[in-house]
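Results of the structural survey
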Amino acid sequence: MPRPILATVHLGALRHNLDRLQRAAPDSRLWAVVKANAYGHGLERVFPALRAADGFALLDLAEAERLRALDWRGPILLLEGCFEARDLELCSRLNLWHVVHCEEQIDWLAAHKTHQPHRVFLKMNSGMNRLGFRPAALRAAWARLNALPQVEEISLITHFSDADSPRFGADGIAHQLEAFAAATRDLPGERSLCNSAATLRHAGRALGSGQLAADWVRGGIALYGSAPDHPEHRSADWELQPAMTLASRLIAVQQVEAGESVGYGSTFVAPAAMRIGIVACGYADGYPRHAGSGTPVLVRGMRSRLVGRVSMDMLAVELGPAEADGPPCRIGDEVVLWGRSQHGSLLPVDEVAQAAGTIAYELLCAVAARVPFAIDEAEAAAGLA
Ligand SMILES: *Cc1c(COP(=O)(O)O)cnc(C)c1O
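Definitions and cut-offs
- Residues numbered from 1 in each chain as written.
- Predicted model: local features only at pLDDT ≥ 70, side-chain atom pairs only at ≥ 80, totals over all residues.
- Heavy atoms only, no water.
- UniProt positions renumbered as here; feature names shortened; annotations may be inferred.
- Helix = DSSP H or I, 4+ residues; strand = E, 2+ residues; numbered from the N terminus.
- Buried < 20%, exposed > 50% of the residue type's maximum accessible area, 1.4 Å probe, protein only.
- Contact = heavy atoms within 4.5 Å.
- Near = heavy atom within 4 Å.
- Polar contact = N/O pair within 3.5 Å; in protein donor to acceptor, adjacent residues only side chain to side chain.
- 1 Å grid on protein atoms, 1.4 Å probe; cavity = no way out; pocket = protein on both sides within 12 Å on 5 of 7 lines; lining within 4 Å.
- Sits in = over half its atoms within 2 Å of the grid points.
- Core = buried A, V, L, I, M, F, W, Y, C linked by side-chain atoms within 4.5 Å.
- Domains from an automatic or database assignment.
- Points joined across faces, edges and corners; volume = space filled by probe spheres on them.
- Nonpolar A, V, L, I, M, F, W, Y, C, P; charged D, E, K, R; others polar.
- Arc of directions from axis to C-beta.
- Axes fitted to C-alpha atoms, helices over the stretch in contact; angles between N-to-C directions.
- Parallel < 35°, antiparallel > 145°, perpendicular 65-115°, else oblique.
- Left-handed = near helix turned anticlockwise from the far one by under 90°.
- Buried area = accessible area lost by both parts, 1.4 Å probe.
- Salt bridge = Lys/Arg side-chain N within 4 Å of Asp/Glu carboxyl O.

Brief notes about the UniProt feature "domain: Alanine racemase C-terminal" (unreviewed entry) in the chain
- Following the UniProt record, the feature "domain: Alanine racemase C-terminal" (unreviewed entry) maps to residues 243–376 here.
- With 13% helix and 37% strand, the stretch residues 243–376 has end C-alpha atoms that lie 9 Å from each other.

Right, here's the structure in full:
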C-alpha cells in the first residue's frame, strides 16, 4: 500500500469560487491566475473547472505552452512579460498577450519580426515598486509602443501592494488608485487593476467614470478557496470553498503519561496522560515545519491540534477531541491537514497558515512532488461555504 497521504483537488469548489469572483465583478472579464502550477493544484487538474474564465494569467512560458496543449484558444496573459528577446517568438507562435514593464521589453519588441502584431499590457508602477513604469515615464512608454508595427493593442495594468489590509490611511489602495487614475486619464485601452483581495473588497469603487473592477480582474488565491484578507475575513465570510484537501491517516497511536514529551526537541510535554496519533505527513510533504503545537487539524472530522515538532515524514496530533465523541482512534483513521474531511467538516488552509506564521499561498504552492493527487469531480455542496 502506498503511504496514505493524498492531496485532492475539488473541481466543484473551483467552479463555485470562479462564479463567486465573477459575481463580485459582474461587468468585468476575469483572468483566472494559474501561475505556479495553479497555486500548487496542477494546471491540467484545474483547467476543466476554470475554463469558463475569460482568460488565464501566468508567468512561466512553459505553463503557457501547457495551456495551449490543453487546447485553450482564448487569451493567455504573461504577467511579467518576456524575460529575454527570443521569448517573443513563443508569444507570436502561441498568441500570448504579455505585460510590458520596462524599456528593455520595448526594445525587444521593436527588434522582433512578426506577422502577427501583439497585444500588450503596459504596466504602471503605481506604488508597489516591483515592476512597471513610474507615472512620469508611462506616457513616453505608451507612445513608443503605439508607434511600433509589432503592437496591435495597448492595455493598461497595475498591481496593488495592500489590497488585503487597511494601510496607508483608510483602505490600502487609495494612493495607488489615485496615481493610476491620474497617470492614465487620457490614455485609451482596457484596464486591469484588481487581484482577489481588491475584487472582493473594492470592485465597485470608482475609477474615473467606471469602476475599479474595470475591464479585467485578476483572480488568484480566491479561486483556490482562501480568503485573501484572512484573518479579517474568513473564507466562509467570502463564501469561498477549499479547492484542495491535504489529508493523511494515522500510522501509529501512543499513550503518553503526564510529563512525557513528543517528537524532536521535546518541545511538547504532556500536561496529563493523553493519547497521541502519529500522522503520515511531514515537512518533506510540504507541511510547514514552523507549525507549532496547537496548529489545527481534523481527526476523523473533529477539530484537534498538532503537538510537538513536525518532522520530515510524520507529525503528532492529539486524539482526545475525536475520541470524546466516538470509539478509540485506530491506525488508518483520517486526519485532514487542511481542506474538507470525509466527515463533512472543513479546516481552512488560512488557519493552518496563520498558525505557521505564513499565508495560504505558500502552503498550497509547497505541496511536495512526492504527494499523490486525486481529483474530486463532485459539484460543490449547496450552502457549504
Ligand atoms: C499573482 C498575481 C495576481 C493574483 O493575486 P491573488 O492575490 O492571488 O488574487 C494578480 N495580479 C498579478 C500581477 C499577480 O502577479
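More follows now that the structure is in view.
Overview of the UniProt feature "modified residue: N6-(pyridoxal phosphate)lysine" (unreviewed entry) in the chain
- Per the UniProt record, the feature "modified residue: N6-(pyridoxal phosphate)lysine" (unreviewed entry) sits at Lys 35.
- Within the secondary structure, Lys 35 is located in helix α2 (residues 35–39).
- Taking relative accessible area as the criterion, Lys 35 reaches 29% and is therefore assigned partly exposed.
- Beyond its immediate stretch of four places on either side in the chain, Lys 35 contacts Ala 57, Leu 58, Leu 59, Glu 63 and Leu 79.

Some thoughts on unusual backbone geometry
- In this chain, His 230 is followed by Pro 231 through a cis amide linkage whose omega measures 5°.
- You can see Pro 231 is positioned in the loop between β11 (216–219) and β12 (244–256).
- Of note, Asn 37 is a non-glycine position whose phi angle comes to about 55°, a positive value.
- Turning to its location among the elements, Asn 37 is positioned in helix α2.
- Residue Asn 37 is classed as partly exposed on the basis of its relative accessible area, which comes to 27%.

Quick word on the site of the ligand
- Around the ligand, a shell composed of Val 33, Lys 35, Tyr 39, Leu 79, His 159, Asn 195, Ser 196, Arg 218, Gly 220, Ile 221 and Tyr 361 is seen.
- Arg 218 is positioned with one of its side-chain polar atoms (N or O) 2.8 Å from a nitrogen atom of the ligand.
- Within the backbone of Gly 220, one N or O atom sits 3.0 Å away from an oxygen atom of the ligand.
- More than half of the atoms belonging to the ligand lie within 2 Å of the grid points that define the largest pocket.

Notes on the nonpolar core
- In terms of nonpolar packing, the biggest core is built from 116 residues, with Val 34, Leu 50, Leu 145, Tyr 224, Tyr 287 and Trp 338 touching the most fellow members.
- There are two domains that each give this core at least three residues, and those are domain 1 (11–224) and domain 2 (244–381).
- Counting residues in each nonpolar core, the second largest holds 10 residues, with Ala 252, Phe 268, Ala 270 and Met 274 among its members.

Comments concerning empty space enclosed by the protein
- Enumeration over the complete set of coordinates arrives at two cavities of 30 Å³ or more.
- Empty space within the largest cavity amounts to approximately 70 Å³.
- Lining the largest cavity are Lys 123, Met 124, Asn 125, Ser 126, Gly 127, Met 128, Asn 129, Arg 130, Leu 131, Thr 158, His 159 and Gln 176.
- Split by residue class, the lining of the largest cavity holds three nonpolar, seven polar and two charged.
- In this structure, the second largest cavity encloses a volume near 30 Å³.
- The wall of the second largest cavity is formed by His 41, Tyr 224, Pro 242, Ala 243, Met 244, Trp 338, Val 349 and Leu 364.
- Considering only residue class, the lining of the second largest cavity consists of seven nonpolar, one polar and no charged.

Here we look at helix α6 (residues 103–110)
- Among the residues of α6, Gln 105, Ile 106 and Leu 109 are the ones counted as buried. Within α6, the buried residues cover an arc of 100° as seen down the axis, which keeps them to one side.

Details of the packing of helix α1 (residues 11–24) against helix α3 (residues 43–50)
- At a minimum axis distance of 8 Å, the contact between α1 and α3 shows a crossing angle of 55°. The orientation of α1 with respect to α3, classified from their angle, is oblique. The handedness of the crossing between α1 and α3 is right-handed. Residues Leu 11, Leu 14, Arg 15 and Leu 18 of α1 lie in contact with α3, whose contacting residues are Arg 45, Val 46, Ala 49 and Leu 50.
- Classifying every residue of the contact of α1 with α3 by side-chain character gives six nonpolar, no polar and two charged.

Observations regarding the domain arrangement of the chain
- We note that the domain assignment places domain 1 (11–224) and domain 2 (244–381) within the chain.
- Each of domain 1 and domain 2 was reduced to a C-alpha centroid, and the two centroids are 37 Å apart.
- The partner domain 2 presents 12 residues to the 12 residues of domain 1 that form the contact.
- Looking only at domain 1, the three residues that lose the most surface to domain 2 are Leu 11, Arg 45 and Ile 221, adding up to 41% of its buried area.
- Connecting domain 1 to domain 2 are one salt bridge.
- Glu 379 is the salt-bridge partner of Arg 15, the closest N and O atoms lying 2.6 Å from each other.
- Summed over the shared surface of domain 1 and domain 2, the number is three residue pairs in polar contact (both at pLDDT 80 or more).
- If one sorts the elements of the side of domain 1 that touches domain 2 by residue count, α1 sits on top with five residues.
- For the side of domain 1 that touches domain 2, the per-class residue count stands at six nonpolar, four polar and two charged.

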